[in-house]
Amino acid sequence: SGYWVVVPAAGVGKRMGADRPKQYLPLLGRPLLSLTLRNILTWPGLAGVVVAVSEDDAYFPHLAEAKHPQVHRVTGGVERADSVLAALNFLATRESGETPVLVHDAARPCIALEDIEALLRADPVSLLAQPASDTVKSSRADGDRAVVDRTLDRNRIWLAQTPQRAPLGLLHSCLRRGLEQGAAITDEASALELFGHSPQLVPGRRDNLKVTHPSDIVLAETILRLRYA
Ligand code: CTP
Ligand code: MG
């Protein structure tokens, strides 16, 4: 019983531009992935965690959490969706299709327990997301510049976060079939949407940021310091 968490952590961190993949950069003196895993390991009802890391990842074995009995390692793939699929392939050999799965980015260490509780109370097919606070423009190219094409209806715009939740069997088949079709799949919800599902949007905290650019490091450290002070 309980749910599994899949953690894609096989990216290279191109936008961060650091000397190593961003999931291994220190935040408050600890590797980012360590903080994310330590956070997940406190969630109530957790059955286990599957972390997808790249094949030649020499950092992961050095994390204290790598030896935790609830933490399992698989080899990720070229795109985030390939990494998630590798973890789901592993889970499909040992869990039933009804098992709830939460997919959570390694790069989101600031996820708060209250958001996990809200997601666990929500629809079995759901995701954390943030209602847009800025006015959102769609663009088109004008020569070498981008210009506004139009302004979207802000009341209908949400920014997808993680975790994203679905039953193992459903998520596995939608992701596998979506990748086979060559669809652009940037999160779990987009794979489910391809096959007619409408995941519930669960309002998440703004501070569940994805550490992406260098300036995100100090933001995440500040959030974590306040949270755990
Ligand atoms: N990820 C993954 N496998 C990939 C690509 C990404 O498991 N082939 C993971 C990342 O490690 C990260 C999460 O998916 O935890 C979200 O991706 P992103 O923030 O884009 O991380 P990177 O792809 O590493 O960063 P960038 O796009 O700047 O290279
Ligand atoms: Mg990426």
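As recorded in an unreviewed UniProt entry, the protein goes by the name 2-C-methyl-D-erythritol 4-phosphate cytidylyltransferase, listed as coming from Microbulbifer taiwanensis. UniProt lists a comment for the protein under the heading Catalytic activity (unreviewed entry), and it reads "2-C-methyl-D-erythritol 4-phosphate + CTP + H(+) = 4-CDP-2-C-methyl-D-erythritol + diphosphate". Of the protein, the UniProt comment under Function (unreviewed entry) reads exactly: "Catalyzes the formation of 4-diphosphocytidyl-2-C-methyl-D-erythritol from CTP and 2-C-methyl-D-erythritol 4-phosphate (MEP)."

Engineer: Residue-level account of unusual backbone geometry, with values.
Structural biologist: Following Thr162, the chain continues into Pro163 via a peptide bond in cis, with omega recorded as 10°. In this fold, Pro163 is placed in strand 10 (residues 158-167).

Engineer: Can you explain the UniProt feature "site: Positions MEP for the nucleophilic attack" (unreviewed entry) in the protein? Please cite residues and give values.
Structural biologist: As recorded in UniProt, the feature "site: Positions MEP for the nucleophilic attack" (unreviewed entry) lies at Arg154 and Lys210. Secondary-structure assignment places Arg154 in the loop between strand 9 (145-151) and strand 10. Given 12 C-beta atoms within 10 Å, Arg154 falls into the exposed group. Not counting the four nearest positions on each side in its chain, Arg154 is found in contact with Ala132, Thr135 and Val136.

Engineer: Describe the UniProt feature "site: Transition state stabilizer" (unreviewed entry) in the protein, with residues and values.
Structural biologist: The feature "site: Transition state stabilizer" (unreviewed entry), as given by UniProt, occupies Arg15 and Lys22 in the numbering adopted here. Following the sequence through the fold, Arg15 ends up in the loop between strand 1 (3-8) and strand 2 (26-27). The topology assignment puts Lys22 in the loop between strand 1 and strand 2. Taking the number of C-beta atoms within 10 Å as the measure of exposure, Lys22 has 26 and is therefore buried. Beyond its immediate sequence surroundings of up to four residues, Lys22 is in contact with Gly13, Met16, Leu32, Ala107 and Val211.

Engineer: Requested: an account of the packing of helix 2 (residues 80-92) against helix 4 (residues 168-180), with residues and values cited.
Structural biologist: Axis separation between helix 2 and helix 4 bottoms out at 10 Å; the angle between their running directions is 135°. Regarding the angle of helix 2 to helix 4, the classification is oblique. Of the two elements, helix 2 crosses helix 4, and the hand of that crossing is left-handed. Of the residues in helix 4, those in contact with Ala81, Val84, Leu85, Leu88, Leu91 and Ala92 of helix 2 are Leu168, Leu171, His172, Leu175, Arg176 and Leu179.

What counts and how
- Residues numbered from 1 in each chain as written.
- Chains lettered and ligands numbered in written order.
- Predicted model: local features only at pLDDT ≥ 70, side-chain atom pairs only at ≥ 80, totals over all residues.
- UniProt positions renumbered as here; feature names shortened; annotations may be inferred.
- Helix = DSSP H or I, 4+ residues; strand = E, 2+ residues; numbered from the N terminus.
- Buried ≥ 20, exposed ≤ 12 C-beta atoms within 10 Å, placed from the backbone.
- Contact = placed C-beta atoms within 7 Å.
- Axes fitted to C-alpha atoms, helices over the stretch in contact; angles between N-to-C directions.
- Parallel < 35°, antiparallel > 145°, perpendicular 65-115°, else oblique.
- Left-handed = near helix turned anticlockwise from the far one by under 90°.

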